[in-house]
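Close look at the chain arrangement
As a plain string of letters, each chain reads:
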Amino acid sequence: MMKLVMGGSGSGKSAYAEKCICRLYRELCTEDAGRDKEASLYYVADMIPYGQETAKKIEAHRKMRAGKGFATLEWYVDLPGKLSDPKAPILKGSCVLLECISNLTANEMYEPDGAENMGRDTAESVIKGVQMLKERCAHLVVVTNDVFRESVPDTEEMSAYKDNLGKINRVLAEMADRVTEVVYGVPVCIKSDSDMDAGTREQLKGIGAAEEISEEKGRHGMKFITGGAYQGKLDYARKLYPGAEWADGARCSLKELLSCGAVDHFHLFVRRWLQEGKTPQELIRAILDKNRGLVIVCDEIGCGLVPVSAFEREYREAVGRICTELVKHADEVYRVTCGIGKRIRS
(Lines give C-alpha, C1' and ligand atoms only; values in the text may rest on other atoms or scores of the structure.)
Protein backbone atom coordinates (compact mmCIF):
# COMPACT_ATOMS: atom_id res chain seq x y z
CA MET A 1 0.00 0.00 0.00
CA MET A 2 1.20 3.51 -0.86
CA LYS A 3 -0.01 6.66 0.85
CA LEU A 4 0.80 10.24 -0.24
CA VAL A 5 0.67 12.90 2.49
CA MET A 6 0.78 16.58 1.60
CA GLY A 7 0.40 19.91 3.38
CA GLY A 8 1.91 23.32 3.94
CA SER A 9 4.88 24.26 6.08
CA GLY A 10 4.32 23.44 9.75
CA SER A 11 0.99 21.76 8.98
CA GLY A 12 1.74 18.57 10.94
CA LYS A 13 2.10 16.42 7.83
CA SER A 14 5.38 14.86 9.04
CA ALA A 15 3.91 13.77 12.38
CA TYR A 16 0.83 12.37 10.64
CA ALA A 17 2.92 10.48 8.07
CA GLU A 18 5.08 9.00 10.82
CA LYS A 19 2.02 7.81 12.75
CA CYS A 20 0.67 6.20 9.57
CA ILE A 21 3.82 4.23 8.78
CA CYS A 22 4.34 3.20 12.42
CA ARG A 23 0.78 1.88 12.60
CA LEU A 24 1.25 -0.07 9.36
CA TYR A 25 4.55 -1.42 10.70
CA ARG A 26 2.95 -2.63 13.94
CA GLU A 27 0.17 -4.31 11.98
CA LEU A 28 2.70 -5.99 9.71
CA CYS A 29 4.79 -7.19 12.67
CA THR A 30 1.66 -8.68 14.22
CA GLU A 31 0.94 -10.50 10.97
CA ASP A 32 4.58 -11.64 10.82
CA ALA A 33 4.55 -13.04 14.38
CA GLY A 34 5.90 -16.58 14.35
CA ARG A 35 7.64 -16.20 11.01
CA ASP A 36 11.39 -16.37 10.54
CA LYS A 37 11.85 -12.66 9.87
CA GLU A 38 9.95 -9.60 11.02
CA ALA A 39 9.33 -6.57 8.84
CA SER A 40 11.82 -3.67 8.85
CA LEU A 41 11.04 0.03 9.26
CA TYR A 42 12.98 2.57 7.20
CA TYR A 43 13.10 6.35 6.99
CA VAL A 44 14.44 7.71 3.68
CA ALA A 45 15.83 11.15 4.52
CA ASP A 46 16.57 13.58 1.69
CA MET A 47 17.09 16.93 3.45
CA ILE A 48 20.73 17.89 2.97
CA PRO A 49 22.16 19.41 6.19
CA TYR A 50 22.99 22.90 4.97
CA GLY A 51 23.62 25.37 7.78
CA GLN A 52 22.06 25.79 11.21
CA GLU A 53 18.42 26.04 10.06
CA THR A 54 18.32 22.69 8.27
CA ALA A 55 20.41 21.09 11.01
CA LYS A 56 17.72 22.07 13.54
CA LYS A 57 14.97 20.64 11.35
CA ILE A 58 16.84 17.37 10.88
CA GLU A 59 17.47 17.09 14.63
CA ALA A 60 13.77 17.72 15.36
CA HIS A 61 12.78 14.92 12.99
CA ARG A 62 15.33 12.59 14.54
CA LYS A 63 13.85 13.23 17.98
CA MET A 64 10.37 12.47 16.61
CA ARG A 65 11.60 9.11 15.29
CA ALA A 66 13.71 8.21 18.32
CA GLY A 67 12.90 4.85 19.90
CA LYS A 68 10.40 3.84 17.22
CA GLY A 69 12.59 1.37 15.37
CA PHE A 70 13.50 3.41 12.28
CA ALA A 71 16.64 2.69 10.28
CA THR A 72 17.60 5.89 8.45
CA LEU A 73 18.73 5.94 4.83
CA GLU A 74 20.28 9.28 3.82
CA TRP A 75 19.50 9.25 0.10
CA TYR A 76 19.63 12.81 -1.20
CA VAL A 77 19.60 12.17 -4.97
CA ASP A 78 19.13 9.35 -7.50
CA LEU A 79 16.75 6.99 -5.70
CA PRO A 80 16.81 4.57 -8.68
CA GLY A 81 20.59 4.32 -8.42
CA LYS A 82 20.52 3.89 -4.64
CA LEU A 83 17.90 1.15 -4.86
CA SER A 84 19.81 -0.65 -7.62
CA ASP A 85 23.04 -0.71 -5.61
CA PRO A 86 23.86 -4.29 -4.54
CA LYS A 87 24.81 -2.90 -1.10
CA ALA A 88 21.36 -1.35 -0.59
CA PRO A 89 19.14 -2.81 2.15
CA ILE A 90 16.67 -5.48 1.11
CA LEU A 91 13.38 -3.59 1.35
CA LYS A 92 11.08 -6.44 0.37
CA GLY A 93 8.25 -6.68 2.88
CA SER A 94 9.39 -3.57 4.77
CA CYS A 95 7.66 -0.32 5.74
CA VAL A 96 9.19 2.88 4.36
CA LEU A 97 8.63 6.58 5.09
CA LEU A 98 10.05 8.93 2.42
CA GLU A 99 10.42 12.59 3.42
CA CYS A 100 10.08 14.62 1.46
CA ILE A 101 9.45 14.99 -2.27
CA SER A 102 9.92 18.77 -2.28
CA ASN A 103 13.49 18.40 -0.97
CA LEU A 104 14.25 15.49 -3.28
CA THR A 105 13.02 17.50 -6.29
CA ALA A 106 15.21 20.47 -5.37
CA ASN A 107 18.22 18.19 -4.86
CA GLU A 108 17.73 16.58 -8.28
CA MET A 109 17.49 20.01 -9.90
CA TYR A 110 20.34 21.85 -8.19
CA GLU A 111 22.86 19.45 -6.61
CA PRO A 112 26.05 18.70 -8.60
CA ASP A 113 25.21 14.98 -8.68
CA GLY A 114 21.49 15.56 -9.16
CA ALA A 115 19.47 14.60 -12.21
CA GLU A 116 19.68 17.93 -14.04
CA ASN A 117 23.47 18.14 -13.84
CA MET A 118 23.87 14.46 -14.72
CA GLY A 119 21.76 14.72 -17.87
CA ARG A 120 18.65 13.05 -16.46
CA ASP A 121 15.10 14.35 -16.19
CA THR A 122 14.23 15.47 -12.65
CA ALA A 123 10.57 14.43 -12.60
CA GLU A 124 11.30 11.12 -14.32
CA SER A 125 14.08 10.29 -11.83
CA VAL A 126 11.97 11.07 -8.75
CA ILE A 127 8.91 9.22 -10.04
CA LYS A 128 10.96 6.18 -11.03
CA GLY A 129 12.57 6.09 -7.59
CA VAL A 130 9.23 6.18 -5.79
CA GLN A 131 7.84 3.54 -8.14
CA MET A 132 10.79 1.27 -7.31
CA LEU A 133 10.24 1.84 -3.58
CA LYS A 134 6.56 0.98 -3.93
CA GLU A 135 7.36 -2.24 -5.80
CA ARG A 136 9.89 -3.35 -3.16
CA CYS A 137 8.25 -2.58 0.17
CA ALA A 138 5.02 -3.73 1.79
CA HIS A 139 3.90 -0.22 2.77
CA LEU A 140 5.17 3.17 1.59
CA VAL A 141 4.23 6.60 2.97
CA VAL A 142 5.50 9.58 0.97
CA VAL A 143 5.47 13.19 2.22
CA THR A 144 5.28 16.18 -0.12
CA ASN A 145 4.77 19.94 0.18
CA ASP A 146 2.04 22.32 -0.96
CA VAL A 147 3.89 25.37 -2.34
CA PHE A 148 1.41 26.24 -5.07
CA ARG A 149 -1.00 28.87 -3.71
CA GLU A 150 0.71 32.25 -3.69
CA SER A 151 -0.08 35.31 -5.79
CA VAL A 152 3.32 36.95 -6.40
CA PRO A 153 4.71 35.94 -9.83
CA ASP A 154 7.48 33.34 -9.65
CA THR A 155 10.98 33.74 -10.97
CA GLU A 156 11.86 31.54 -13.94
CA GLU A 157 13.79 29.22 -11.62
CA MET A 158 10.90 28.94 -9.15
CA SER A 159 8.43 28.27 -11.96
CA ALA A 160 10.62 25.41 -13.19
CA TYR A 161 10.80 23.98 -9.67
CA LYS A 162 7.03 24.19 -9.11
CA ASP A 163 6.38 22.71 -12.54
CA ASN A 164 8.54 19.69 -11.69
CA LEU A 165 7.08 19.28 -8.20
CA GLY A 166 3.52 19.66 -9.46
CA LYS A 167 4.09 17.05 -12.17
CA ILE A 168 5.65 14.65 -9.66
CA ASN A 169 2.85 15.15 -7.12
CA ARG A 170 0.18 14.45 -9.74
CA VAL A 171 1.82 11.19 -10.85
CA LEU A 172 2.41 10.07 -7.25
CA ALA A 173 -1.21 10.85 -6.36
CA GLU A 174 -2.36 8.67 -9.26
CA MET A 175 0.05 5.95 -8.15
CA ALA A 176 -1.01 6.11 -4.49
CA ASP A 177 -3.81 4.10 -2.89
CA ARG A 178 -4.56 7.00 -0.57
CA VAL A 179 -3.89 10.74 -0.67
CA THR A 180 -4.28 12.88 2.45
CA GLU A 181 -3.90 16.64 2.89
CA VAL A 182 -2.99 17.70 6.43
CA VAL A 183 -4.45 21.09 7.42
CA TYR A 184 -3.19 22.38 10.78
CA GLY A 185 -2.84 18.84 12.05
CA VAL A 186 -6.20 17.69 10.68
CA PRO A 187 -6.00 14.98 7.98
CA VAL A 188 -8.39 15.54 5.05
CA CYS A 189 -8.98 12.63 2.66
CA ILE A 190 -8.37 13.56 -0.99
CA LYS A 191 -8.37 10.01 -2.34
CA SER A 192 -8.89 6.61 -0.71
CA ASP A 193 -8.61 3.11 -2.07
CA SER A 194 -12.20 2.40 -1.04
CA ASP A 195 -14.17 5.33 -2.44
CA MET A 196 -12.10 7.64 -4.66
CA ASP A 197 -12.21 5.58 -7.80
CA ALA A 198 -16.00 5.37 -7.66
CA GLY A 199 -16.26 9.07 -6.92
CA THR A 200 -13.98 10.01 -9.78
CA ARG A 201 -15.89 7.80 -12.18
CA GLU A 202 -19.13 9.45 -11.10
CA GLN A 203 -17.68 12.91 -11.70
CA LEU A 204 -16.20 11.97 -15.06
CA LYS A 205 -19.15 10.07 -16.52
CA GLY A 206 -19.47 13.04 -18.81
CA ILE A 207 -21.15 16.36 -18.52
CA GLY A 208 -24.45 14.86 -19.65
CA ALA A 209 -25.76 14.17 -16.16
CA ALA A 210 -24.76 17.62 -14.98
CA GLU A 211 -26.50 19.17 -17.98
CA GLU A 212 -29.68 17.25 -17.18
CA ILE A 213 -29.60 18.71 -13.68
CA SER A 214 -29.09 22.19 -15.10
CA GLU A 215 -31.98 21.69 -17.52
CA GLU A 216 -34.23 20.68 -14.67
CA LYS A 217 -33.33 23.96 -13.01
CA GLY A 218 -34.07 25.76 -16.25
CA ARG A 219 -30.53 27.05 -16.75
CA HIS A 220 -26.97 26.10 -17.59
CA GLY A 221 -25.00 27.67 -14.75
CA MET A 222 -21.40 28.71 -14.43
CA LYS A 223 -18.75 26.04 -13.78
CA PHE A 224 -15.75 26.83 -11.57
CA ILE A 225 -12.52 24.82 -11.13
CA THR A 226 -9.85 26.02 -8.71
CA GLY A 227 -6.77 24.78 -6.85
CA GLY A 228 -3.09 25.63 -6.57
CA ALA A 229 -0.79 26.17 -9.52
CA TYR A 230 0.50 23.09 -11.40
CA GLN A 231 -2.23 20.82 -10.00
CA GLY A 232 -3.68 19.67 -13.34
CA LYS A 233 -6.81 21.84 -13.26
CA LEU A 234 -7.00 22.38 -17.02
CA ASP A 235 -6.65 18.67 -17.83
CA TYR A 236 -9.34 17.90 -15.28
CA ALA A 237 -11.65 20.58 -16.70
CA ARG A 238 -11.16 19.32 -20.27
CA LYS A 239 -12.29 15.85 -19.17
CA LEU A 240 -15.40 17.29 -17.53
CA TYR A 241 -16.27 19.64 -20.41
CA PRO A 242 -14.81 18.10 -23.58
CA GLY A 243 -16.75 20.30 -26.01
CA ALA A 244 -15.82 23.68 -24.51
CA GLU A 245 -14.12 26.37 -26.61
CA TRP A 246 -11.21 27.65 -24.51
CA ALA A 247 -9.65 31.10 -24.10
CA ASP A 248 -6.47 31.90 -22.15
CA GLY A 249 -6.87 34.56 -19.48
CA ALA A 250 -3.20 35.43 -19.78
CA ARG A 251 -3.80 37.09 -23.16
CA CYS A 252 -7.44 37.02 -24.30
CA SER A 253 -9.53 40.18 -24.72
CA LEU A 254 -12.68 40.99 -22.79
CA LYS A 255 -14.69 40.26 -25.95
CA GLU A 256 -13.14 36.77 -26.16
CA LEU A 257 -13.78 36.18 -22.45
CA LEU A 258 -17.43 37.09 -22.82
CA SER A 259 -17.98 34.92 -25.91
CA CYS A 260 -15.93 31.78 -25.16
CA GLY A 261 -17.19 28.65 -23.47
CA ALA A 262 -14.31 28.31 -21.00
CA VAL A 263 -11.31 30.29 -19.77
CA ASP A 264 -8.04 29.07 -18.25
CA HIS A 265 -5.76 31.29 -16.10
CA PHE A 266 -8.68 33.49 -15.08
CA HIS A 267 -6.56 35.00 -12.30
CA LEU A 268 -4.17 36.37 -14.95
CA PHE A 269 -7.08 38.06 -16.74
CA VAL A 270 -7.96 39.72 -13.43
CA ARG A 271 -4.36 40.89 -13.09
CA ARG A 272 -4.41 42.55 -16.53
CA TRP A 273 -7.85 44.00 -15.79
CA LEU A 274 -6.58 45.74 -12.65
CA GLN A 275 -3.43 46.95 -14.42
CA GLU A 276 -5.75 48.75 -16.85
CA GLY A 277 -7.30 50.61 -13.92
CA LYS A 278 -10.64 48.77 -14.01
CA THR A 279 -12.56 47.56 -10.97
CA PRO A 280 -13.55 44.06 -9.82
CA GLN A 281 -17.21 45.11 -9.86
CA GLU A 282 -17.01 45.99 -13.57
CA LEU A 283 -15.66 42.55 -14.43
CA ILE A 284 -18.23 40.74 -12.30
CA ARG A 285 -21.09 42.65 -13.95
CA ALA A 286 -19.75 42.02 -17.46
CA ILE A 287 -19.47 38.25 -16.94
CA LEU A 288 -22.86 37.90 -15.26
CA ASP A 289 -24.52 40.02 -17.95
CA LYS A 290 -22.89 38.38 -21.00
CA ASN A 291 -21.57 34.88 -20.14
CA ARG A 292 -23.25 33.23 -17.16
CA GLY A 293 -22.53 29.75 -18.53
CA LEU A 294 -18.75 30.28 -18.54
CA VAL A 295 -16.40 27.52 -17.38
CA ILE A 296 -13.71 29.21 -15.26
CA VAL A 297 -10.35 27.69 -14.32
CA CYS A 298 -8.54 29.85 -11.78
CA ASP A 299 -5.48 29.43 -9.58
CA GLU A 300 -6.12 29.60 -5.86
CA ILE A 301 -3.73 32.43 -4.88
CA GLY A 302 -5.02 33.69 -1.54
CA CYS A 303 -2.61 31.70 0.62
CA GLY A 304 1.00 32.33 1.59
CA LEU A 305 2.61 35.50 2.87
CA VAL A 306 0.93 38.87 2.36
CA PRO A 307 2.76 40.53 -0.57
CA VAL A 308 4.89 43.61 0.12
CA SER A 309 3.71 45.40 -3.04
CA ALA A 310 0.43 47.33 -2.74
CA PHE A 311 -0.64 46.20 -6.23
CA GLU A 312 0.08 42.54 -5.42
CA ARG A 313 -2.05 42.86 -2.28
CA GLU A 314 -4.85 44.47 -4.29
CA TYR A 315 -4.58 41.78 -6.99
CA ARG A 316 -4.67 38.88 -4.54
CA GLU A 317 -7.72 40.26 -2.76
CA ALA A 318 -9.49 41.15 -6.03
CA VAL A 319 -9.15 37.58 -7.33
CA GLY A 320 -10.66 36.32 -4.08
CA ARG A 321 -13.53 38.83 -4.13
CA ILE A 322 -14.35 38.29 -7.82
CA CYS A 323 -14.26 34.50 -7.57
CA THR A 324 -16.32 34.49 -4.38
CA GLU A 325 -19.04 36.49 -6.15
CA LEU A 326 -18.96 34.39 -9.34
CA VAL A 327 -19.09 31.12 -7.40
CA LYS A 328 -22.43 32.27 -5.96
CA HIS A 329 -23.78 31.88 -9.50
CA ALA A 330 -22.04 28.55 -10.26
CA ASP A 331 -23.89 25.24 -10.18
CA GLU A 332 -20.67 23.20 -10.22
CA VAL A 333 -17.51 24.02 -8.25
CA TYR A 334 -14.45 21.76 -8.09
CA ARG A 335 -11.13 21.97 -6.25
CA VAL A 336 -8.22 20.06 -7.79
CA THR A 337 -5.28 18.81 -5.72
CA CYS A 338 -2.51 16.72 -7.30
CA GLY A 339 -4.73 16.11 -10.32
CA ILE A 340 -7.60 14.82 -8.15
CA GLY A 341 -10.82 16.82 -8.31
CA LYS A 342 -13.32 17.15 -5.48
CA ARG A 343 -16.76 18.59 -6.16
CA ILE A 344 -17.40 21.16 -3.43
CA ARG A 345 -20.59 22.67 -4.87
CA SER A 346 -23.39 20.83 -6.65
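Going by the structure above, here's the rest.
1. Quick look at the overall build of the protein chain
Within the protein chain, the secondary structure is distributed over 13 helices and 13 strands. The buried share of the protein chain, reckoned over its 346 residues, is 49%. If you take every contact in the protein chain between residues at least 6 apart in sequence, the share linking residues at least 24 apart comes to 71%. Put simply, the protein chain shows about 17,200 Å² of open surface, and 50% of that area lies on carbon and sulfur atoms.

2. Considerations on empty space enclosed by the protein
All chains considered together, the criterion is met by 2 cavities of 30 Å³ or more. Empty space within the largest cavity amounts to approximately 50 Å³. It is strand β12 (residues 330-337) that contributes the most residues to the lining of the largest cavity, 3 residues altogether. Partitioned by chemical class, the residues of the lining of the largest cavity number 3 nonpolar, 4 polar and 5 charged.

3. Overview of helix α9 (residues 233-240)
Along α9, the residues that are buried comprise K233, Y236, A237 and L240. Seen from one end, α9 has its buried residues packed into an arc of 100°, which puts them on one side. Of the exposed residues in α9, the ones pointing more than 90 degrees away from its buried face are D235 and K239.

4. Points about helix α11 (residues 266-275)
Counting buried residues in α11 gives 7 out of 10 residues, a clear majority hidden from the surface. If you check which residues of α11 are buried, you get F266, H267, F269, V270, R271, W273 and L274. On the buried face of α11, the contacting elements are α10 (254-259), β10 (262-264), α12 (280-290), β11 (295-299) and α13 (310-327).

5. Quick word on the nonpolar core
By size, the foremost hydrophobic cluster in this structure holds 37 residues, and its most contacted members are I101, V130, V142 and L172. Put simply, the parts of the chain that give this core at least two residues each are β1 (2-7), β2 (41-45), α3 (79-84), β4 (95-99), α4 (101-110), α5 (122-136), β5 (139-145) and α6 (156-175). Those residues in contact with V142 that sit more than four places away from it in its chain are M2, K3, L4, V5, L98, I101, V130 and L172. Judged by nonpolar contacts, the second largest core, of 31 residues, contains L257, F266, L274 and V327.

6. Here we look at the pattern of salt bridges
Taken as a whole, this structure holds 17 salt bridges when the rule is applied. Of the charged contacts in the structure, one is a salt bridge between D154 and K162, with a shortest N-O distance of 3.1 Å. Its relative accessible area of 33% is what places D154 among the partly exposed residues. Note that E325 and K328 form a salt bridge whose closest N and O atoms lie 3.2 Å from each other. Residue class for K328 comes out exposed when judged on its relative accessible area of 56%.

7. Brief notes about a nonpolar patch on the surface
A contiguous nonpolar surface patch, about 400 Å² in accessible area, is contributed by V183, Y184, V186 and V188. In this structure, V186 sits in strand β7 (residues 186-191).

8. Some details on the sheet that holds strand β13 (residues 340-345)
Strand pairing in a sheet relies on backbone hydrogen bonds, with the paired strands running either antiparallel or parallel. Read across the open sheet, the 6 strands follow the order β9-β10-β11-β8-β12-β13; overall the sheet is mixed. A strand with exactly one partner marks an edge of an open sheet, and here the two such strands are β9 (246-248) and β13. Neighbouring strand axes in the sheet, compared pairwise and without regard to direction, differ in orientation by 25° on average. Direction of pairing for β9 relative to β10: parallel, over a ladder of 3 bridges. Residue A247 lies in a different strand from β10, and its bridge partner there is V263. Together, β10 and β11 form the strand contacts of α11, whose direction differs from that of β11 by roughly 80°.

9. Some thoughts on unusual backbone geometry
Omega for the bond connecting E99 with C100 falls within 30 degrees of zero, at -15°, which places this linkage in the cis form. The topology assignment puts C100 in the loop between β4 and α4. The phi angle at Y230 is positive, at roughly 60°, despite the residue not being glycine. Within the fold, Y230 resides in the loop between β8 (222-227) and α9.

10. Here's the deal with the packing of aromatic side chains
Scanning all chains against the criterion turns up 5 aromatic pairs. Ring centres of Y236 and Y334 lie 5.8 Å apart, and the angle between their planes is 65°; on these two criteria the pair is classed as edge-to-face. On the criterion of sequence distance, the pair formed by Y236 in helix α9 and Y334 in strand β12 is long-range, its members being 98 residues apart. Each member of the pair, Y236 as well as Y334, carries the same accessibility label: buried. Considering the side-chain rings of F311 and Y315, the 6.4 Å spacing of their centres and the 5° angle between planes classify their relative orientation as stacked. On the criterion of helical spacing, the pair formed by F311 and Y315 is a turn pair, its members being 4 residues apart in helix α13.

About the criteria used
- Counting starts from 1 at the beginning of each chain's written sequence and moves along it residue by residue.
- Where totals are concerned, whole chains, interfaces and linings use all residues; where local detail is concerned, this predicted model gives features only for residues with pLDDT of at least 70, and gives and counts side-chain atom pairs only at 80 or more.
- Note: side-chain values were computed over all heavy atoms of the structure, leaving out hydrogens and water.
- Think of it this way: any DSSP run of H or I at least four residues long counts as a helix, any run of E at least two long counts as a strand, and we number them from the N terminus.
- Burial status follows relative accessibility: with a 1.4 Å probe on protein chains alone, a residue under 20% of its type maximum counts as buried, one over 50% as exposed, and anything between as partly exposed.
- Contacts were defined at the residue level, with two residues in contact if any of their heavy atoms lie within 4.5 Å.
- Reported accessibility uses the Shrake-Rupley method at a 1.4 Å probe radius. Residues are deemed covered only where the shown protein chains occlude them.
- Cavities and pockets are defined on a 1 Å grid built over the protein atoms alone: a cavity is a set of grid points where a 1.4 Å probe fits but cannot escape, while a pocket is an open set with protein on both sides within 12 Å along at least five of seven lines, and lining residues are those with an atom within 4 Å of any such point.
- Grid points are joined across faces, edges and corners, and a volume is the space filled by probe spheres set on the points.
- Each residue gets one label: Ala, Val, Leu, Ile, Met, Phe, Trp, Tyr, Cys and Pro are nonpolar, Asp, Glu, Lys and Arg are charged, and the others, such as Gly, are polar.
- The arc in question is traced by the directions running from the helix axis to the C-beta atoms.
- Side-chain atoms within 4.5 Å are what join buried Ala, Val, Leu, Ile, Met, Phe, Trp, Tyr and Cys residues into a set we call a nonpolar core.
- Here, a salt bridge means any Lys or Arg side-chain nitrogen found within 4 Å of an Asp or Glu carboxyl oxygen.
- Patches here: salt-bridge-free residues with over 30% relative accessible area, like charges joined within 9 Å, nonpolar side chains (Val, Leu, Ile, Met, Phe, Trp, Tyr) joined within 5 Å.
- In this scheme, strands are said to pair when DSSP sees at least two bridges between them.
- Only the contacting stretch of a helix is used when fitting its axis, a line to C-alpha atoms as for every element, and angles between N-to-C directions run 0 to 180 degrees.
- Ring geometry is summarised as follows: Phe, Tyr and Trp rings, the Trp one being its six-membered ring, pair when their centres sit within 6.5 Å, and such pairs are stacked at plane angles under 30 degrees, edge-to-face over 60 and tilted between the two.

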